[in-house]
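Listed here are the chains, written in short residue letters.
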Amino acid sequence: MNLKKFLFAGIVGGIVDFLLGWLFYGILFKNSFPSNGTENLYLIFFGCMTFGFMLSFIYAIGAQVSKCIPGMKYGAFFGLLLAMYTNFFMNATAETINYPMVALDIAISVLLGTIVGSVVAVVNGKVK
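Residues numbered from 1 in each chain as written. Predicted model: local features only at pLDDT ≥ 70, side-chain atom pairs only at ≥ 80, totals over all residues. Heavy atoms only, no water.

1. Things to note about a nonpolar patch on the surface
Piece 1. Taken together, the side chains of Met1, Leu3, Leu7, Ile11, Ile15, Leu19, Phe57 and Ile61 make up a nonpolar region of the molecular surface, amounting to roughly 720 Å² of accessible area.
Piece 2. At the level of elements, α1 (3-28) and α2 (41-63) are the ones that each hand at least two residues to the nonpolar patch.
Piece 3. With 5 residues, the single largest contributor to the nonpolar patch is α1.
Piece 4. Here Leu7 is to be found in helix α1. (Patch = residues over 30% accessible without salt bridge, like charges linked within 9 Å, V, L, I, M, F, W, Y side chains within 5 Å. Areas by Shrake-Rupley, 256 points an atom, 1.4 Å probe, with all protein chains shown as cover. Salt bridge = Lys/Arg side-chain N within 4 Å of Asp/Glu carboxyl O. Helix = DSSP H or I, 4+ residues; strand = E, 2+ residues; numbered from the N terminus.)

Rendered as C-alpha cells:
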C-alpha cells in the first residue's frame, strides 16, 4: 500500500464528506434533520474523516480502485451498508420508528458515499 495515496485520498474524501454532510443535512434537508444545537462538529468531522480513510484503505489495499465509476459503485455500496448498520442499531430500541426518515437517511448516505467514493478513487489514481 502506498501510504501517501492512502493519507491524501483519505483526507480529501473526509473533507468532501464533511462538506457534503453540511450541505445535505444542514441545508437541503434541514427540516427533516433539525439541529438541537448540541452537535459536536469535531466529532462529526472525525466521523467524516473516518469514512474517507475507510474508503481510501479499501481502494488502496483490496480493490485497487483509481477511476471515477468504480469508485462511485464501491462508495455507494459501502455508504448503503454503513447507513443500514447505523440506522438499524439507532432504531433498535426506539419506541416508534419513523420509517420514511430511516429511508431518507439511507438514501442520503448512499448519495454521499457515491460522491465521496468517486473523489477518493480519482485522488487515489492521481497521487504518485
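2. Quick look at the nonpolar core
Piece 1. Leu20, Phe24, Leu55, Tyr59, Leu112, Val116 and Val120 are the most contacted members of the largest nonpolar core, which totals 15 residues.
Piece 2. Among the elements of the structure, α1, α2 and α4 (99-126) are those that each provide at least two residues to this core.
Piece 3. For this core, the leading source of residues is α4, giving 6 residues.
Piece 4. Contact partners of Leu112, with chain neighbours within four places excluded, come to Asp17, Leu20, Gly21, Phe24 and Tyr25. (Core = buried A, V, L, I, M, F, W, Y, C linked by side-chain atoms within 4.5 Å. Buried < 20%, exposed > 50% of the residue type's maximum accessible area, 1.4 Å probe, protein only. Contact = heavy atoms within 4.5 Å.)

3. Looking at the layout of surface pockets
Piece 1. By volume, the largest pocket is sized at about 1200 Å³.
Piece 2. In terms of lining, the largest pocket is formed by 30 residues, of which the most central are Gly21, Tyr25, Ile44, Cys48 and Asp105.
Piece 3. Elements with a minimum of two residues in the lining of the largest pocket: α1, α2, α3 (68-90) and α4.
Piece 4. Of the residues forming the lining of the largest pocket, the biggest block, 8 residues, is contributed by α2.
Piece 5. Split by residue class, the lining of the largest pocket holds 16 nonpolar, 10 polar and 4 charged. (1 Å grid on protein atoms, 1.4 Å probe; cavity = no way out; pocket = protein on both sides within 12 Å on 5 of 7 lines; lining within 4 Å. Points joined across faces, edges and corners; volume = space filled by probe spheres on them. Nonpolar A, V, L, I, M, F, W, Y, C, P; charged D, E, K, R; others polar.)

4. Comments concerning the packing of aromatic side chains
Piece 1. Evaluated as defined, the whole model comprises 10 aromatic pairs.
Piece 2. Judged by centre distance (5.1 Å) and plane angle (70°), the rings of Tyr85 and Phe89 are edge-to-face. Of this pair, Tyr85 and Phe89 both sit in helix α3, 4 residues apart, which is roughly one turn of the helix.
Piece 3. Taking the relative accessible area as the measure of exposure, Tyr85 reaches 52% and is therefore exposed.
Piece 4. Among the aromatic residues, those joined into a ring-pair cluster are Tyr59, Tyr74, Phe77 and Phe78. (Phe/Tyr/Trp six-rings, centres within 6.5 Å; stacked < 30°, edge-to-face > 60°.)

5. Concerning the environment of Val116
Piece 1. Relative to the elements of secondary structure, Val116 occurs in helix α4.
Piece 2. Separated by 105 residues in the primary sequence, Val116 and Ile11 have C-alpha atoms spaced 11 Å apart.
Piece 3. Dropping the residues within four chain positions of it, Val116 is found in contact with Gly13, Val16, Asp17, Leu20, Phe51 and Leu55.

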